[in-house]
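Here is what each chain is made of, one letter per residue.
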Amino acid sequence: MTGFAQLLLLYAWSIPAAVLFGCALSVVGAHLVARNREIQVLCLSQGAVFGVLVSIGMVHLFATHASESRWIPSLSGLAASGLTYLFSEWIVRRRPHRKNSIYVTLFIFLTTGGHLVTALFPALDSHLSQAYFGDLATLTLDDAKVAVFIAVPVLVYFIRRWRPLTNESFLTAFFGDGRSSLSFTLSTLVLIAFSIQALGFLFTVACLFIPTTVLGTVTQPGIRLHFWLCGIISAVCIPLGFGLSLAFTRLPTVPLIAFLQVGVALLVVLFVRLVGALWKTPQTVKTI
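Owing to the predicted nature of the structure, the values given are computational and were not obtained by experimental measurement. (Residues numbered from 1 in each chain as written. Predicted model: local features only at pLDDT ≥ 70, side-chain atom pairs only at ≥ 80, totals over all residues. Heavy atoms only, no water.)

Draft legend 1. Quick look at the overall build of the chain. In terms of regular secondary structure, the chain is built from 12 helices and zero strands. Starting at the N terminus and walking to the C terminus, you meet the elements of the chain as α-α-α-α-α-α-α-α-α-α-α-α. Long-range contacts, defined here as pairs at least 24 residues apart, represent 80% of the contacts in the chain between residues at least 6 apart. For the chain, the computed accessible surface area is about 15,600 Å², with 71% contributed by carbon and sulfur atoms. (Helix = DSSP H or I, 4+ residues; strand = E, 2+ residues; numbered from the N terminus. Contact = heavy atoms within 4.5 Å. Areas by Shrake-Rupley, 256 points an atom, 1.4 Å probe, with all protein chains shown as cover.)

Shown next, in the form of structure tokens:
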């Protein structure tokens, strides 16, 4: 037990960083799902993967010191996801009836582009695997500190601005008003780009979509409670999955976290439904 505790101390920054980032992604994901942005977000995520791979390939060709290029993949991923967002918005506005097919085609194009870049730079094989599946155990100390620096302000922003942001999501969901505030868009792009580069595609999309999608199967909780539950589910599952993967080394960390998110969210859904059923059970009326 002492050895396991000492092992956890090695990740004293990684675990809090992943928890905070996962919570921020889960809250953002609830807004994105309400705004029907799921497929577009997959495109943005794939765009970030493509940007990260291209920048690392260029670094392998031209950089002499890896430390000098530490920020290049993050900035490249942010730029690529931003360009993907602008291009997808531009083309969808001209062909709104083809929105889903446009997003899917763009996703396929970016996916194949990433694999072609990897084929041109064989040294990127490990980076491609890291970009998709991630591994919290390999999160560097600097990246963990940056993740905390990004996640905390974003969480504070979403907590303080939850009402106007929720109104935006409501208008989009029920009236088709797809406008998003600039601050929301920038926060989303920064979160996705850095998460892809540091934590991986699977971690990013799992935290974005699993909690809110599973919780969306029940209607009893209010909107504010829904956002809190999304964040809490990730806050519980990330350290739990991380600890289990350290205890049982054959278990991959990020897939285990995603699996736990589904399980814990389903337990929350069952609990809410049970409480709702008990609350609605009519009391026995005494007859005279």
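Draft legend 2. Here's a closer look at the nonpolar core. Ranked by internal contacts, the top residues of the largest apolar core, which has 49 residues, are Phe21, Leu136, Phe158, Leu191, Phe203, Leu208 and Ile238. Taken together, the elements giving at least two residues each to this core come down to helix 2 (14–34), helix 3 (38–62), helix 7 (141–160), helix 9 (182–198), helix 10 (201–215), helix 11 (223–247) and helix 12 (253–280). Here this core gets 11 residues from one element, more than from any other, and that element is helix 2. Residues within four places of leucine 136 in sequence aside, it is in contact with Ser14, Ala18, Leu199, Phe203, Ile238, Phe242, Thr253 and Ile257. Counting residues in each nonpolar core, the second largest holds 18 residues, with Leu215, Leu229, Cys230 and Ala258 among its members. (Core = buried A, V, L, I, M, F, W, Y, C linked by side-chain atoms within 4.5 Å. Buried < 20%, exposed > 50% of the residue type's maximum accessible area, 1.4 Å probe, protein only.)

Draft legend 3. Quick look at the packing of aromatic side chains. In the structure shown here, the tally under the stated rule is four aromatic pairs. Here the aromatic rings of phenylalanine 87 and tryptophan 90 are separated by 6.1 Å at their centres, their planes lie at 35 degrees, and the arrangement is tilted. Placement of both phenylalanine 87 and tryptophan 90 in helix 4 (residues 72–94) is noted, with a separation of three residues, approximately one turn of the helix. With centroids separated by 5.9 Å and ring planes inclined at 70 degrees, the aromatic side chains of phenylalanine 158 and phenylalanine 184 adopt a geometry described as edge-to-face. Taken together, the residues phenylalanine 158 in helix 7 and phenylalanine 184 in helix 9 connect sequence positions 26 residues apart. (Phe/Tyr/Trp six-rings, centres within 6.5 Å; stacked < 30°, edge-to-face > 60°.)

Draft legend 4. Examining unusual backbone geometry more closely. Of note, the phi angle at asparagine 36 is positive, near 55 degrees, even though the residue is not glycine. With respect to the helices and strands, asparagine 36 occurs in the loop between helix 2 and helix 3.

Draft legend 5. Broad picture of the packing of helix 2 against helix 10. Interaxial distance between helix 2 and helix 10 falls to 7 Å at its minimum, and their mutual angle equals 55 degrees. Considering the angle they form, helix 2 stands oblique to helix 10. Crossing hand, helix 2 versus helix 10: right-handed. Here Ala18, Gly22, Leu25, Ser26, Val28, Gly29, Ala30, Leu32 and Val33 of helix 2 lie close against helix 10, whose contacting residues are Phe203, Thr204, Cys207, Leu208, Phe209, Pro211 and Thr212. Grouping the amino acids of the contact of helix 2 with helix 10 by side-chain chemistry returns 11 nonpolar, five polar and no charged. (Axes fitted to C-alpha atoms, helices over the stretch in contact; angles between N-to-C directions. Parallel < 35°, antiparallel > 145°, perpendicular 65-115°, else oblique. Left-handed = near helix turned anticlockwise from the far one by under 90°. Nonpolar A, V, L, I, M, F, W, Y, C, P; charged D, E, K, R; others polar.)

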